[in-house]
Amino acid sequence: MNLAADVTVPTAATLRLRPAGADGAAPDGAPDRRLAIDADFHRGGTWAGVADLAELAWRELGERGRDDLIDAHNPELHMALARHRERIALKYACLTETAHDAERTRNFPLDRAYRLVHGLVGLMLDWKRALAPQQRWQVVAFGYDHAQHLAARFFAELARRGAAHGIEVIVYSALDTQALAQRAPGLHAQAASDAGAAPPAPAALDDAAYAALQPRLERGEPLAWEIHAPALIVYHRGRGEDALAARAALRALCLSNHYGYYHESASFADTVLAHFEDMVGDDEDARWNYIGNIFQGLVSAGRQELALELILTRAEPHLRRRELRAKMNYLLSMIHLRYARTPDLALAEHYILLAAQDIAAARGAIQDADQTFLRVFIDNGLAFLRVRQGRPREALALCQEGYALLTRELGDERHALHRSVLQYNTAQVYVMLDRAEDALAYYRKSMEMDPYYSEYYNESGNLLQRQGRFEEALALYELAVRYSAPYPEVHFNRGVCQSQTGDWEAALDSFALSLELNPQQPEIHQIRAEIHEQSGDADAALADYDAAIALAADSVAARVNRAVLHYGRGDYARALADMDRAIALDPDNPEHYENRAEIHKSMRREELYRHDLDRAEACRATA
């Protein structure tokens, strides 16, 4: 661990990250505790620096007997502390985590990595509350400019959420204000006079350490590669072994992809591509496997054009085997259907039908079981296209026929993950067809097959809520929370459900959790304002309407509701300003004119009062 040192401070700006809108004043005096970490991705990997903090929290909470807090942060500790992963078993492992090789047909969404960030920040807050709630802590991130996407996001979130809990974040950075704002949106930087000594850099890999590690690497141990890949890349580059550095980068790229760390995966792409042809040679399987991994990182990091170019130049001219071309054409279809900035359904259909032809032609050239699975997998992509084309009944048939074919030919054990996905997709299509009971039945089937996949519970809870089955929905939301690192959507959905049952206190707690994770949710402020109105707290209601409009200035509902509050307080000028804006945004609603007419009446503007009533009548006449 690298949490203290007597190393010379590098020459770079020392900046305090503080929430936007804060007064910007530096706290007086030295902090009670200073945690200096090295955030350089090239030295520490995805969770560089973050893992040092998490490990210290894990150890100190364990020493205090706070197993409850360790258990509450199980997913993020399991993922961030690779060196201790065998001791921190994942409590709720979904099929996406346990499936391997060809059985793993679903990648994690990028959002899953963001949930880990939320959980790691929550770990910091719980750790401090448990050990030293009154102290001031200072986290100092050296190497910040070389932190990768998730670690940089962690420091920004810790600065935002930790400010109210006595945690200050200082970074060493040579970035200008604009570049820093892009890395830490919602925060501003303030010069800090001194951040003290930097932590020691991790020990470099020497020849003896490399020789000792080599047997584990040759066996392909994923944990060895995950822990040591940054040092391996530095080691080979230092020896001028760029091709070996590229091979280590390829391993790191694939592992990052596996975990859903897509920006980190994409960061290795240029290193790998420089030696790609030498690495794959004439091996079509290797070519496609590596291209598929590079592609996933690039598209998820927003580099769709490069991902498409990669397929067309590095795969299409070189793949001859029909099953590999089927996979390639499937991916080309998904580029135009899912990943392109402007989807092209015609091109997506062209490529998915080519993929279907290719896999049909591959029968006899590959194992029957593999051909069957790939046929069903491609048909599932076609089902997604049919949904986008407004042809849900065809999509439904493809999902159900695919599930039946897999079960009939491969049995109940093979491809459990993809079979659960087919049940889930069937549920989604039934939702589109307004067949709620059928949708719920298929959600239940997907949950039975993959019982720890949080999204299944969240989405089926939403469907139950729309049916007014609030207690059933709340039970599913609780499971969704239990089976995942934190994410704001499930707390928002639970809060809406609780507000529907009149449990306003619980709803406000859920909304507060959701806003802590994502403060950019104007709809929460609007719902909270309505709750405050019903409970008679006009000041709190007005504050939430103000917050909703600050985030979404063109929210008609928030404008109208705030106008009503201002009107009730006799603040006619503000009420009128809100109604003027509401009418500008929604000019055909007669009720808006009637509301504004009442304001004019109270302001004794008889002519304007009559004019708005006439406009309301005209709107109704033309409706």
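The structure this text deals with has already been given above.
Residues numbered from 1 in each chain as written. Predicted model: local features only at pLDDT ≥ 70, side-chain atom pairs only at ≥ 80, totals over all residues. Heavy atoms only, no water.

Per the secondary structure count, the chain includes 32 helices and five strands. Computed over the C-alpha atoms, the radius of gyration of the chain is 28 Å, within 12% of the 25 Å expected from 2.2 N^0.38 for a compact globule of 623 residues. Seen through its principal axes, the chain has C-alpha atoms that stretch 90 × 65 × 45 Å. For the chain, the proportion of its 623 residues judged to be buried stands at 51%. For the chain, long-range pairs separated by at least 24 residues make up 66% of all intrachain contacts whose partners lie at least 6 apart in sequence. For the chain, the exposed surface amounts to about 28200 Å²; the carbon and sulfur share of it is 49%. (Helix = DSSP H or I, 4+ residues; strand = E, 2+ residues; numbered from the N terminus. Rg over C-alpha atoms; globule rule 2.2 N^0.38 Å. Buried < 20%, exposed > 50% of the residue type's maximum accessible area, 1.4 Å probe, protein only. Contact = heavy atoms within 4.5 Å. Areas by Shrake-Rupley, 256 points an atom, 1.4 Å probe, with all protein chains shown as cover.)

It is worth spelling out the side chain of H263 at this point. Along the polypeptide, H263 turns up in helix α12 (residues 262-267). Ignoring anything within four residues of it in the chain, the contact list for H263 reads L110, Y114, Q148, H149, S300 and A301.

A few words now on the pairing of strand β4 (residues 167-173). With respect to burial, β4 is a largely interior element, seven of its seven residues being buried. Bridge analysis of strand β1 (residues 13-19) against β4 gives five bridges, and the strand direction is antiparallel. Residue pairing in the sheet places L17 in a bridge with V169 of β4. In the sheet, strand β3 (residues 137-142) pairs with β4 via five bridges, with the strands oriented parallel. Each residue of the ladder has a partner; that of Q138, found in β4, is E168. Taken together, β3, helix α7 (residues 149-162) and β4 constitute a β-α-β crossover, and its handedness is right-handed. (Pairing = 2+ DSSP bridges. Right-handed = clockwise from strand over helix to strand, strands pointing away.)

It is worth spelling out the environment of R393 at this point. For R393, the position within the fold is in helix α20 (residues 392-410). Each C-alpha atom of the pair R393 and A383 lies 9.3 Å from the other, and the pair is ten residues apart in sequence.

Turning next to the packing of helix α22 (residues 436-449) against helix α23 (residues 454-466). Running from N to C, α22 and α23 cross one another at 160°; their axes reach a closest spacing of 10 Å. By the angle between their directions, the pair α22 and α23 is classed as roughly antiparallel. Between α22 and α23 lies a crossing of left-handed hand. For the pair formed by α22 and α23, the contact residues are A436, A439, L440, Y443, S446 and M447 on the first element and Y456, Y457, E459, S460, L463 and L464 on the second. Considered class by class, the residues forming the contact of α22 with α23 number nine nonpolar, two polar and one charged. (Axes fitted to C-alpha atoms, helices over the stretch in contact; angles between N-to-C directions. Parallel < 35°, antiparallel > 145°, perpendicular 65-115°, else oblique. Left-handed = near helix turned anticlockwise from the far one by under 90°. Nonpolar A, V, L, I, M, F, W, Y, C, P; charged D, E, K, R; others polar.)

On to the nonpolar core, then. Counting 160 residues, the largest nonpolar core has W47, W127, F154, F155, W288, I294 and I311 as its most contacted members. In terms of residue count, helix α6 (residues 110-131) provides more of this core than any other element does, twelve residues in total. Ignoring anything within four residues of it in the chain, the contact list for W288 reads I311, A315, L319, L324, K327, M328 and L331. (Core = buried A, V, L, I, M, F, W, Y, C linked by side-chain atoms within 4.5 Å.)

Mapped onto the secondary structure, T96 falls in helix α5 (residues 95-98). Considered as a pair, T96 and Y259 are 163 residues apart in the sequence and their alpha carbons are 9.7 Å apart. Apart from residues lying up to four places away in sequence, T96 is in contact with R104, R106, N107, F108, L417 and Y453.

A few words on the packing of aromatic side chains. Per the counting criterion, the structure on display carries 21 aromatic pairs. The ring centre of W137 lies 5.2 Å from the NZ or CZ of R33, which sits over that ring. (Phe/Tyr/Trp six-rings, centres within 6.5 Å; stacked < 30°, edge-to-face > 60°. Lys NZ or Arg CZ within 6 Å of the ring centre and 35° of its normal.)

Okay, a negative patch on the surface next. On the surface, a cluster of negative charge is made up of E471, D503, E505 and D509. Positionally, E505 belongs in helix α26 (residues 504-517). Since its relative accessible area comes to 62%, E505 is described here as exposed. (Patch = residues over 30% accessible without salt bridge, like charges linked within 9 Å, V, L, I, M, F, W, Y side chains within 5 Å. Salt bridge = Lys/Arg side-chain N within 4 Å of Asp/Glu carboxyl O. Lys, Arg positive; Asp, Glu negative; His and termini not counted. Charge placed at Lys NZ, Arg CZ, Asp CG, Glu CD.)

Turning to helix α9 (residues 207-218), a few remarks are in order. Each turn of an α-helix holds 3.6 residues, which means side chains three or four residues apart point in the same direction. Its twelve residues give α9 an end-to-end C-alpha distance of 16 Å, which sits within 8% of 16 Å, the value for a rise of 1.5 Å per residue. Note on α9: the residue one or two positions beyond its end, G220, has a positive phi of about 75°. (Expected span 1.5 Å × (residues − 1).)

With that settled, the discussion passes to unusual backbone geometry. A positive phi angle, near 55°, is found at H415, a position not held by glycine. Position of H415 among the secondary structure elements: in the loop between α20 and α21 (416-432). Exposure remark for H415: the relative accessible area of 2% places this residue in the buried category.

A few words now on the environment of L476. Here L476 is to be found in helix α24 (residues 470-482). When its relative accessible area of 15% is taken as the criterion, L476 is described as buried. Residues L476 and N462 lie 14 residues apart in sequence; the distance between their C-alpha atoms is 9.1 Å. Those residues in contact with L476 that sit more than four places away from it in its chain are Y457, S460, G461 and L464.

With 14 residues, α26 extends 20 Å between its outermost C-alpha atoms, agreeing within 8% with the 20 Å of an ideal straight helix rising 1.5 Å per residue. Inspection of α26 places A506, A507, S510, F511, S514, L515 and L517 among the buried residues, and these make up the whole buried set. On its buried face, α26 sits against α6, α7, α25 (488-500) and α27 (522-534).

The subject of this paragraph is the side chain of H118. Within the secondary structure, H118 sits in helix α6. H118 sits in the buried class, given a relative accessible area of 8%.

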